[in-house]
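Coordinate inspection notes
Here is how the chains run, residue by residue.
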Amino acid sequence: MFSKAVGLEHTLLGHTGLFGPAGLVPGAGVGADDLSVIGAGLSVVGDLRSPGEIQVFGAVYGEVNSRTVIVAASGHVEGWIYASKVYVHGSFTGRIEAIEVTVTSTATIFGDIYHHILTVDPNAVIDGLRPWRPRSHLEERRPWHPGE
Amino acid sequence: MFGKTDQDPGAPTERTDPFQSTGKTSGEVSIISADLKVIGNLQSDGEIQIDGTVEGDIKSRTLTVGERAQIQGSISADTVRICGSISGKVDATTVKITKTANVASDINYQSLSIEDGAVLEGSIRRVDSSKPASDSKVSTLKPSVAPAAPKVGAPVGAASRGEADSKPMVG
C-alpha cells in the first residue's frame, strides 16, 4: 500500500527527495515535516495549524493556518485560510487572508480574498471581494508556530 | 517552498499541475505531518498517516500513528498501527502496537499485536463479531455548525462508545 504513496510523492511534488528513498515508512515518520496532505477521502472538521504546507484534496471545514495552503481541484475548504501563499484549484467558501493568492481556472470561490498579490486565471469563479492589503498587515495575521 | 519543485527541469508549471487532477493518484493517502496540529475530527474512507498532533476523533479505514504523533481522542478504524502516543478509545479490527508506542486507551479489537517495549495502559477487550465495532459506514463528514470550527476540548468518547456498544452486538 505504501508503494502507492511513493507514486503520489512523484506526481505531487515532481521530485523524490521528500520522503526519502524508502518512501513512506509506517511509524517512522514520513521525513517531510512540513508537508501535510488531506487526502481525497478525508474530511476534517476543525482547525489545521502548521508552519509548513498543507495540500487539501479532500474537505476541510474550519480554519486553516499554514505557510502554504493548496486546495487541489478535488479539494474543498470551507472556513478561513490564513497563510502566506494560497493556491486554489478547487472550491473554497469563506475568507482567505494571504500575501500571495493564486486562483486557477478550475477554482470556485465564494468569499473574500484579502491579498497582497492576487493572480486569477481566466474562467476562475470568484464571488466576493478581493481587498488589497499591505504585506505587513497580512504578515501579522500569519501562521501559527509550534509552541504557541 | 516551491523552489524545490523548480529544480526539476521536467516538472511542469508548479501551480497548475498535479492539483488539477481529481484522479486516484492525487491525494490518495492523507498525511498529517509532524508539525501539523489538527483541532477537530478527521474522517476518511481511505488511509491516514499521522505524525503530528490531533486533538479530536479519527475515523478511517487504515490509520498509521507515527512515532512522533500525539493523538487525544477516539480512534476507530479497520486497521490501526500505533507507533506514537495516543489517549482515548480505540476501536479497530486489527490493532498493531509497536515498541515505540505509548498508549493510554481502552482498546476494542479483533486482532491485536503488541511489540516488546510498548507502553500500554488501559483495558483491552476483544470484540467477537464479524464486524468491527467501528464499522458504521463511513459517510462524508459534514460540520454540525458553520465553518467556525468547534474548539474541541473533550473528545466525544461517550457518544462513540454508546454507538459502538449498540451496533455489533446482534449476531
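In this text, all values refer to a predicted model and were calculated from it rather than measured experimentally. (Residues numbered from 1 in each chain as written. Chains lettered and ligands numbered in written order. Predicted model: local features only at pLDDT ≥ 70, side-chain atom pairs only at ≥ 80, totals over all residues. Heavy atoms only, no water.)

**Examining the overall build of chain B**
- Along chain B, the regular secondary structure elements total two helices and 14 strands.
- The 171 residues of chain B split such that 43% are buried.
- In chain B, 15% of the contacts between residues at least 6 apart in sequence involve partners at least 24 apart.
- As displayed, chain B has an accessible area near 8100 Å², and 50% of this comes from carbon and sulfur atoms. (Helix = DSSP H or I, 4+ residues; strand = E, 2+ residues; numbered from the N terminus. Buried < 20%, exposed > 50% of the residue type's maximum accessible area, 1.4 Å probe, protein only. Contact = heavy atoms within 4.5 Å. Areas by Shrake-Rupley, 256 points an atom, 1.4 Å probe, with all protein chains shown as cover.)

**Examining the overall build of chain A**
- The helix and strand tally for chain A stands at two helices and nine strands.
- In chain A, the succession of helices and strands from N to C terminus is α-β-β-β-β-β-β-β-β-β-α.
- Across the 148 residues that make up chain A, the buried fraction comes to 56%.
- Restricting to contacts in chain A with at least 6 residues of sequence separation, those with at least 24 account for 11%.
- Accessible area for chain A stands at about 5300 Å²; split by element, carbon and sulfur atoms hold 52% of it.

**As for the confidence of the model for chain A**
- Per-residue confidence for chain A gives a mean pLDDT of 80; residues scoring 70 or more make up 72%.
- The low-confidence segment residues 1-31 of chain A (pLDDT under 50) makes 68 contacts with residues lying over four places distant or belonging to another chain. (pLDDT = per-residue confidence, 0-100.)

**So, the pairing of strand 4 (residues 59-65) of chain A**
Residues and elements named next belong to chain A.
- With six of seven residues buried, strand 4 lies mostly within the body of the structure.
- Bridge count for strand 2 (residues 42-49) against strand 4 is five bridges, and the pairing is parallel. In the strand pairing of strand 4, Val-44 is matched with Val-60.
- Of the pairings in the sheet, the one linking strand 4 to strand 6 (residues 76-88) comprises seven bridges and is parallel in character. For Gly-62, the partnering residue across the bridge sits in strand 6 and is Gly-79. (Pairing = 2+ DSSP bridges.)

**So, the pairing of strand 7 (residues 91-103) of chain A**
Residues and elements named next belong to chain A.
- Sheet topology note: the strand 6/strand 7 ladder contains 12 bridges and is parallel. Bridging from a neighbouring strand, Trp-80 pairs with Arg-95 of strand 7.
- Sheet topology places strand 7 next to strand 8 (residues 108-120); 12 bridges connect them, and they run parallel. The partner of Gly-94 across the bridge, within strand 8, is Gly-111.

**Remarks on the packing of aromatic side chains**
Residue and element names in this part refer to chain A.
- For the structure shown, the criterion picks out one aromatic pair over all chains.
- Plain terms: the ring middles of Trp-80 and Tyr-82 are 5.8 Å apart, the flat faces sit at 55° to each other, and that makes the pair tilted.
- For Tyr-82, a relative accessible area of 10% translates into the label buried. (Phe/Tyr/Trp six-rings, centres within 6.5 Å; stacked < 30°, edge-to-face > 60°.)

**Looking at the nonpolar core**
- With 49 residues, the main nonpolar core has Ile-81 and Ile-96 of chain A as its most contacted residues.
- Grouped together as the second largest cluster of nonpolar side chains are six residues, Leu-35, Phe-57 and Ala-72 of chain A together with Val-29 of chain B included. (Core = buried A, V, L, I, M, F, W, Y, C linked by side-chain atoms within 4.5 Å.)

**Let's talk about the pattern of salt bridges**
- In this structure the tally under the stated criterion is five salt bridges over all chains.
- Residue Arg-67 of chain A pairs with Asp-34 of chain A through a salt bridge whose shortest N-O separation is 3.3 Å. A residue pair is termed long-range when its members are at least 10 positions apart, and Arg-67 of chain A in the loop between strand 4 and strand 5 (68-71) and Asp-34 of chain A in the loop between helix 1 (2-13) and strand 1 (35-38) qualify at 33 residues.
- A relative accessible area of 25% means that Asp-34 of chain A is categorised as partly exposed.
- Across the pair Glu-55 of chain B and Lys-37 of chain B runs a salt bridge, and its minimum N-O distance is 3.5 Å. (Salt bridge = Lys/Arg side-chain N within 4 Å of Asp/Glu carboxyl O.)

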